[in-house]
There are 2 protein chains.
Amino acid sequence: MATQAAFLAGFSQLAAQPGRDRAVAVAVAPAPGPARVAVAAVGSAKLGVKAGTSRTAAVARLGVRCRASLIEPDGGRLVDLVAPEEGGRRAALRREAAELPHRLRLGRVDKEWVHVLSEGWASPLQGFMRDDEFLQTLHFNAIRGQDGRMVNMSVPIVLSVGDAQRRAIQADGATRVAVVDERDRPIAVLSDIEIYKHNKEERIARTWGTTAPGLPYVEEAITNAGDWLIGGDLEVIEPIKYNDGLDQYRLSPAQLREEFARRNADAVFAFQLRNPVHNGHALLMTDTRKRLLEMGYKNPVLLPHPLGGFTKADDVPLSWRMKQHEKVLEEGVLNPESTVVAIFPSPMHYAGPTEVQWHAKARINAGANFYIVGRDPAGMSHPTEKRDLYDADHGKKVLSMAPGLERLNILPFKVAAYDTKQKKMDFFDPSRKDDFLFISGTKMRTLAKNRESPPDGFMCPGGWKVLVEYYDSLVPSEGSSKLREPIAA
Amino acid sequence: MATQAAFLAGFSQLAAQPGRDRAVAVAVAPAPGPARVAVAAVGSAKLGVKAGTSRTAAVARLGVRCRASLIEPDGGRLVDLVAPEEGGRRAALRREAAELPHRLRLGRVDKEWVHVLSEGWASPLQGFMRDDEFLQTLHFNAIRGQDGRMVNMSVPIVLSVGDAQRRAIQADGATRVAVVDERDRPIAVLSDIEIYKHNKEERIARTWGTTAPGLPYVEEAITNAGDWLIGGDLEVIEPIKYNDGLDQYRLSPAQLREEFARRNADAVFAFQLRNPVHNGHALLMTDTRKRLLEMGYKNPVLLPHPLGGFTKADDVPLSWRMKQHEKVLEEGVLNPESTVVAIFPSPMHYAGPTEVQWHAKARINAGANFYIVGRDPAGMSHPTEKRDLYDADHGKKVLSMAPGLERLNILPFKVAAYDTKQKKMDFFDPSRKDDFLFISGTKMRTLAKNRESPPDGFMCPGGWKVLVEYYDSLVPSEGSSKLREPIAA
C-alpha cells in the first residue's frame with residue numbers, strides 16, 4: 001500500500017480533477033470493463049474505495065490486478081475491417097471493386113488512414129467519417145457510440161472527393177464505391193456512403209486552432225483535396241503493406257494485444273515517438289517502468305511507438321528512426337524483454353492538444369492503459385509567427401480532461417535535460433538549474449550534421465552514429481529548413 | 001398514447017441517434033433529476049420503457065408529468081453570484097472592492113458576461129473561466145462538473161487583462177481583485193484568481209471555425225483585449241441593471257423559474273430571438289404549443305427570449321425589437337397567457353453551431369426543457385467570402401449531439417415562408433414550391449425602409465409599423481451596411 005501511495009501521489013494533480021478518479025482506478029485494476037470497475041478514489045495519497053463498491057469486491061479486484069487483462073478497446077470490441085482470408089471474401093471483394101463504376105483514388109495520407117481504420121486503431125469507427133462523426137470530432141473531440149457513451153476522437157479521419165466525381169456518384173445513386181491506390185489497384189470498398197461538404201477552412205481552424213498557411217498536414221492532405229467528403233463503411237481487401245523492409249514492425253492493435261498477452265503484461269505503457277530516442281526519453285521510459293513495479297505490477301511492458309505515417313519534411317524519416325531505435329535496443333538502453341517496439345501507422349497532424357488525444361486514444365485500442373505525455377506533444381513552431389503554435393502545457397492538460405479517455409492513465413513527465421555534473425540525462429532540477437544543459441533540436445542537428453559528438457551520455461553511440469549517417473545522406477542544399485525539436489517526444 | 005406517438009414521431013430522427021432516448025424521455029417526464037429519470041425509449045413511434053426501470057415506477061412517473069417540476073439546472077443548483085441584500089454583505093463587498101489595490105475595468109461585453117454569470121445562466125460556472133474551463137470549452141464544448149458529469153459550455157466566458165496589470169497583480173501575489181465599471185464604480189470582486197495566456201488566434205479559430213477578419217464579436221471584444229485572461233470566483237455587489245426602460249424584461253433564471261411555476265407550466269419551450277418576430281416565427285411557436293398540448297401537456301409555456309447583449313451594428317437594436325415584440329403580443333399573434341417574454345442578457349457571438357449550444361444550455365438553466373432551433377442558428381455571412389459562414393444544417397445537428405444537452409428536447413423546425421395562395425406564413429411545402437415567397441432580410445429591410453408594406457399576413461401591422469419607424473430613425477448614410485436575415489430566428 002505504501003508504494004502504491006507513493007506512486008499514486010504522482011497522480012495527485014490528476015486525481016484532484018473532477019471525474020478523474022476512475023482513471024486512477026485503472027492504475028490499480030488494469031483494464032477492467034466499465035461494468036467491472038472497482039472504483040478506487042485517491043485522496044491525500046491514500047487508497048480508498050468509493051461508496052457503492054463493496055469492500056470485498058474492491059479487495060478482490062485489487063488482489064487480481066496482476067492477472068493479465070488488457071484495457072478494453074473503445075466501443076468494447078476491436079474493429080477489424082480487413083476481409084477474412086478464408087471463404088473467398090477477398091477475391092469477391094477484389095472483383096467487386098474492379099467492377100464498381102465509381103473509384104476513389106487514394107493519396108498517400110488517405111492510404112495511411114485506410115491502414116489505421118482497417119486495423120481498428122480508431123475503434124469503433126467502421127470507415128471514413130460521415131457528417132455526424134465529422135461534426136462531433138470537430139466540436140467535441142469525441143463521438144457518442146451506439147451504447148450512448150462517448151469515445152474520444154479528436155482528428156477527422158475523412159476522405160475527400162472532387163465535385164465532378166461527387167456529381168457522378170450522386171447522379172447514379174451509388175451506395176458503394178471502390179477505393180483504389182495510386183496505380184488503380186483495388187484496396188477496399190466503401191459502402192452505405194454519405195457525401196457532405198468539405199469546409200476546409202472550418203476543419204483547419206477547429207483542428208489546429210489556426211488557419212495560418214504552412215501547416216504541414218494541411219498542405220499535404222487538405223489544400224488540394226476535393227470540396228466534398230465521402231464517409232461510409234470500409235471493407236479492405238487485404239492487410240495494408242508497404243514493402244519497405246519495415247512491415248515486420250507494423251503490428252496491428254490485435255497483434256500488439258497478442259504480444260502483450262504472450263508476455264503476460266499486467267500494465268502496458270505507451271510512448272509516442274516521432275524523433276530519435278535520446279537518453280532523456282530512455283530515462284522517462286525506464287523510470288516509468290520502475291514506478292509501475294514499485295506500485296505492485298509484476299510485468300509492465302513498454303511500447304515505444306514511433307509514428308510511421310506522414311511527417312513533415314524536416315523530421316527524421318521513419319527508416320532512419322527505426323535504425324536508430326534498433327541501436328537503442330541493441331545497446332541495452334531499453335530492456336528488450338520488457339519492450340515491444342512497433343510502428344504506429346497514423347499520419348502526423350502536428351495539431352498539438354487536439355492530436356495528442358488521438359495518439360492516446362489509438363494506444364488504448366492497442367492495449368495500453370498508461371500513456372506518457374511530455375511537453376508540447378504533437379506541437380510545432382507557429383508556421384508564420386515567431387512562437388510555438390501551442391502552449392507547452394496544454395497537451396497534457398487537455399489530455400487529462402478529454403472525454404472518452406477517462407480509462408487511460410495519463411503520465412505527465414518532468415523535463416529531462418543533460419546534467420553536466422553527473423554527465424548524463426536526468427530530470428531537470430530547478431534548484432541547480434545552471435548544471436543542466438538543454439540540447440535543442442537545432443543544436444542536436446547541428447552537431448550531427450557537423451559530425452560532432454554530443455556530450456557523453458546524451459544518446460547511445462550507435463544511435464548517434466545513425467543520426468550522423470542520416471544527415472550525411474542529405475544533399476547539402478537542404479540546410480535552411482526549420483528543423484524543430486527532434487529532441488522532444 | 002396515440003397523440004404522444006404522433007408528437008414523438010417528430011423526434012424520430014433524434015431518437016434514432018445513440019444516446020438521445022434520454023432526451024425524448026424528458027418530453028414525457030419533464031425535468032426529472034438524473035436519479036429520478038424514468039427513461040422512456042421511443043422506437044417505431046411507440047412509447048416503451050427501458051430495461052432497468054420498473055414498469056410501475058415508469059407509469060407513476062408518466063402519470064405525474066403534468067405536475068409542475070422544471071428541468072434541473074446544470075450542476076443541479078442554480079448559481080447565484082449576487083451578494084445577499086441582508087446581513088450587510090453588499091456594503092462590505094463594496095468597501096472591499098473600493099480598497100483592493102487591483103481593479104479590472106469592464107468593457108460593455110465584459111459587463112454583460114458579469115450579468116450572465118451573476119444570475120446563473122452559465123451554471124455551474126462560478127465566475128470567469130480559469131484555464132481548465134477555458135480549454136475544455138474550446139476543445140470539448142463541455143466542462144466536467146464536480147460530480148464527474150459533463151455540462152455543456154461552448155463559448156468562452158473570460159475576462160482579459162493587459163500585460164502591465166497582469167505583472168502588477170502577480171508581483172503582489174494578489175488573490176482577489178476588484179471588478180469595476182467604465183466609471184470605476186465597483187461591480188464585483190473576483191477571488192482565487194488564475195491568470196493565463198490569452199491566445200486570441202486559437203480562441204477565435206476554435207470558437208468560430210475561421211480567423212477571417214470582420215467577425216463582430218471578435219472586433220468588439222477580442223482584438224483589442226489584453227493578452228492574458230483572468231479567471232476566478234465572482235461575487236457581484238448587486239443585481240446588474242441597465243436603466244434603459246427594459247430592466248423589467250430582464251428576468252433572471254430564478255425569476256423565470258418562479259414565473260413558470262406560478263403559471264403551473266408543465267413544459268417550457270424557448271425560442272431564441274435576435275430579430276423582429278414575423279408570422280413565420282409566430283406560426284412555429286403556436287404550432288409547437290399545439291403539439292405539446294396534443295401530447296398531453298396541460299400547460300406548455302412559451303419563452304420568446306430575445307437576446308439583449310451585444311449584437312452587430314446592422315441588427316435591429318434591442319429597444320426596437322422589444323417594441324416590436326410588445327406589438328406582437330398586443331395584437332394577439334401570441335397568446336399572452338401562455339407566453340413569457342423576457343430578455344436573455346448574453347452578448348451575441350455569431351458563432352453558429354458553437355454558439356447555439358450556449359443559447360440552448362442557458363435556457364435549461366432558466367427552466368426550459370424544449371428548445372426550438374431553426375435554419376443556421378447564430379449564423380451570419382462569411383465576413384470575407386461570398387457564402388454563409390456555417391452550413392445551415394450544422395446548428396441543429398451539433399445541438400442534437402452536444403454533450404451535456406441530452407436532457408433538453410431539441411425541436412428542429414421546418415422552414416416557414418409566405419404562402420401566396422393562402423396569403424399567410426406557412427410551413428414551406430416543396431410539392432407546390434412556386435406558391436411560396438421567401439422574404440429575405442434584405443427584402444424586408446428594403447420594404448420597411450421604403451415604407452412599403454409586406455404582403456398581408458407576413459407580420460402584424462403594429463409590429464411592421466415599429467420596423468418602419470426604426471428604419472426611419474436611421475440616418476440615410478447608413479445604407480451600405482450588410483443587414484442579413486432579420487427574418488431568421
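All values reported here derive from a predicted model rather than from experimental measurement. (Residues numbered from 1 in each chain as written. Chains lettered and ligands numbered in written order. Predicted model: local features only at pLDDT ≥ 70, side-chain atom pairs only at ≥ 80, totals over all residues. Heavy atoms only, no water.)

As for the UniProt feature "domain: ATP-sulfurylase PUA-like" (unreviewed entry) in chain A
Item 1. UniProt records the feature "domain: ATP-sulfurylase PUA-like" (unreviewed entry) for residues 71-238 of chain A in the present numbering.
Item 2. Overall, residues 71-238 of chain A shows 34% helix and 22% strand. The separation of its end C-alpha atoms is 27 Å. (UniProt positions renumbered as here; feature names shortened; annotations may be inferred. Helix = DSSP H or I, 4+ residues; strand = E, 2+ residues; numbered from the N terminus.)

Let's talk about the relation of the copies chain B and chain A
Item 1. Mapping chain B onto chain A leaves a residual RMSD of 0.0 Å; the transformation is a rotation of 180 degrees accompanied by 0.0 Å of translation along its axis. In the structure described here, the two chain copies are related by an operation that fits a two-fold rotation axis. (Least-squares fit on C-alpha atoms with pLDDT ≥ 70 in both.)

What to know about the domain arrangement of chain A
Residues and elements named next belong to chain A.
Item 1. Here chain A is partitioned into domain 1 (89-236) and domain 2 (247-474).
Item 2. Put simply, the middle of domain 1 and the middle of domain 2, counted by C-alpha atoms, are 29 Å apart.
Item 3. Each side of the interface is counted separately: domain 1 has 33 residues, and domain 2 has 37 residues.
Item 4. Across the interface of domain 1 and domain 2, roughly 2,700 Å² is buried in total on both sides, 67% from carbon and sulfur atoms.
Item 5. At the junction of domain 1 with domain 2, the criterion picks out 0 salt bridges.
Item 6. Our count for the domain 1 to domain 2 interface comes out at 14 residue pairs in polar contact (both at pLDDT 80 or more).
Item 7. A per-class count over the side of domain 1 that touches domain 2 returns 20 nonpolar, 9 polar and 4 charged. (Domains from an automatic or database assignment. Contact = heavy atoms within 4.5 Å. Buried area = accessible area lost by both parts, 1.4 Å probe. Salt bridge = Lys/Arg side-chain N within 4 Å of Asp/Glu carboxyl O. Polar contact = N/O pair within 3.5 Å; in protein donor to acceptor, adjacent residues only side chain to side chain. Nonpolar A, V, L, I, M, F, W, Y, C, P; charged D, E, K, R; others polar.)

Looking at the sheet that holds strand β12 (residues 370-373) of chain A
Pairing between the strands of a sheet comes from backbone hydrogen bonds, and it takes one of two forms, parallel or antiparallel.
Residue and element names in this part refer to chain A.
Item 1. Pairing is parallel in the open sheet, where 4 strands are placed in the order β11-β10-β12-β13. Two strands in the sheet have a free side with no partner beyond their single neighbour: β11 (300-306) and β13 (409-412). Within this sheet the neighbouring strands show an average axis-to-axis angle of 25 degrees, counted without direction.
Item 2. Relative to β13, β12 runs parallel, the two sharing 4 bridges. When the bridges of β13 are listed, V373 appears paired with P412. (Pairing = 2+ DSSP bridges. Axes fitted to C-alpha atoms, helices over the stretch in contact; angles between N-to-C directions.)

A look at the UniProt feature "domain: Sulphate adenylyltransferase catalytic" (unreviewed entry) in chain A
Item 1. As annotated by UniProt and renumbered to match this structure, "domain: Sulphate adenylyltransferase catalytic" (unreviewed entry) occupies residues 247-470 of chain A.
Item 2. Annotated as 36% helix and 14% strand, the span residues 247-470 of chain A places its first and last C-alpha atoms 21 Å apart.

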